[in-house]
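So you can see what is in the structure, the chains are spelled out below.
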Amino acid sequence: MKLSFLQKYILKECFANNNFNVHKSTLKSFYHNKKIKPKNIIHDITRSIDNLIVKDLIVGFGKKTSHKWYIQKIQLTAKGRKASRDLIGKQQKLPLT
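Notes on the structure in this doc start here. In this text, all values refer to a predicted model and were calculated from it rather than measured experimentally.

### Overview of the pairing of strand β2 (residues 58-64)
Alright, step 1. Inspection of the sheet shows β2 paired to strand β3 (residues 69-76) by 7 bridges, in the antiparallel sense. Residue Val59 lies in a different strand from β3, and its bridge partner there is Gln75.
Alright, step 2. Between the antiparallel neighbours β2 and β3 lie 4 residues.

Below, the structure written as structure tokens:
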């Protein structure tokens with residue numbers, strides 16, 4: 001399964017917490033050290049969370065209006081815990097230029 005850097009970061013952050021819960025607002029820290037930041041950070045994070053929900057790696061909790069869901073908190077599933085363990089076990093890439 002191919003995951004983006006943001007999706008890998010989301011899985012690692014969820015796995016690092018004791019109860020595998022993370023608020024969506026804490027995921028903004030992914031872009032703190034980036035030189036080029038997207039215009040709409042929340043939109044990119046939400047899109048990555050939606051893709052992880054479709055892959056059954058996380059579950060989203062939030063509010064539902066008549067038009068859309070507003071995800072506030074996410075939690076890892078059993079499949080997501082296994083995927084995040086595999087990610088942590090892999091060797092990380094160095095920022096070589």
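### So, the packing of helix α1 (residues 5-16) against helix α2 (residues 41-54)
Alright, step 1. Put simply, α1 and α2 touch, their axes get as near as 10 Å, and they point 75° apart. The orientation of α1 with respect to α2, classified from their angle, is roughly perpendicular. Every residue of α2 that contacts α1 at Leu6, Gln7 and Ile10 is listed here: Asp44, Ile45, Ser48, Ile49, Asn51 and Leu52.
Alright, step 2. Of the residues belonging to the contact of α1 with α2, the class tally is 5 nonpolar, 3 polar and 1 charged.

### So, the pattern of salt bridges
Alright, step 1. Applying the stated rule across the entire model yields 1 salt bridge.
Alright, step 2. A salt bridge links Arg47 to Asp44, with the nearest nitrogen and oxygen atoms 2.9 Å apart. With Arg47 and Asp44 both in helix α2 and 3 residues apart, the pair spans about one turn of that helix.

### Points about the pairing of β3
Alright, step 1. Across 3 bridges, the pairing between strand β1 (residues 21-23) and β3 is antiparallel. Bridging from a neighbouring strand, Asn21 pairs with Gln75 of β3.

### Quick word on the layout of surface pockets
Alright, step 1. Of the voids in this model, the second largest pocket is the one considered here, and its volume is about 150 Å³.
Alright, step 2. If you trace the second largest pocket, you find it lined by Lys24, Thr46, Asp50, Lys68, Trp69, Tyr70 and Ile71.
Alright, step 3. Counting only elements with at least two residues in the lining of the second largest pocket, the list comes to α2 and β3.
Alright, step 4. Ranked by residues supplied to the lining of the second largest pocket, first place goes to β3 with 3 residues.
Alright, step 5. Across the lining of the second largest pocket, the residue classes break down as 3 nonpolar, 1 polar and 3 charged.

### Concerning the side chain of Thr77
Alright, step 1. Structurally, Thr77 can be placed in the loop between β3 and α3 (78-89).
Alright, step 2. At 2.9 Å, the side chain of Thr77 and the backbone oxygen of Asp56 are in polar contact.
Alright, step 3. With residues near it in sequence (within four places) discarded, Thr77 still touches Asp56, Leu57, Ile58 and Val59.

### Overview of the packing of α1 against α3
Alright, step 1. Two numbers describe how α1 lies on α3: the axes approach to 9 Å, and their chain directions differ by 105°. In terms of orientation, α1 and α3 fall into the roughly perpendicular class. Residue-level inspection shows Lys8, Leu11, Lys12 and Phe15 of α1 in contact with α3, the latter providing Gly80, Arg81, Ser84, Arg85, Leu87 and Ile88.
Alright, step 2. In the contact of α1 with α3, the residues fall into 4 nonpolar, 2 polar and 4 charged.

Conventions and cut-offs
Residues numbered from 1 in each chain as written. Predicted model: local features only at pLDDT ≥ 70, side-chain atom pairs only at ≥ 80, totals over all residues. Heavy atoms only, no water. Pairing = 2+ DSSP bridges. Helix = DSSP H or I, 4+ residues; strand = E, 2+ residues; numbered from the N terminus. Axes fitted to C-alpha atoms, helices over the stretch in contact; angles between N-to-C directions. Parallel < 35°, antiparallel > 145°, perpendicular 65-115°, else oblique. Contact = heavy atoms within 4.5 Å. Nonpolar A, V, L, I, M, F, W, Y, C, P; charged D, E, K, R; others polar. Salt bridge = Lys/Arg side-chain N within 4 Å of Asp/Glu carboxyl O. 1 Å grid on protein atoms, 1.4 Å probe; cavity = no way out; pocket = protein on both sides within 12 Å on 5 of 7 lines; lining within 4 Å. Points joined across faces, edges and corners; volume = space filled by probe spheres on them. Polar contact = N/O pair within 3.5 Å; in protein donor to acceptor, adjacent residues only side chain to side chain.

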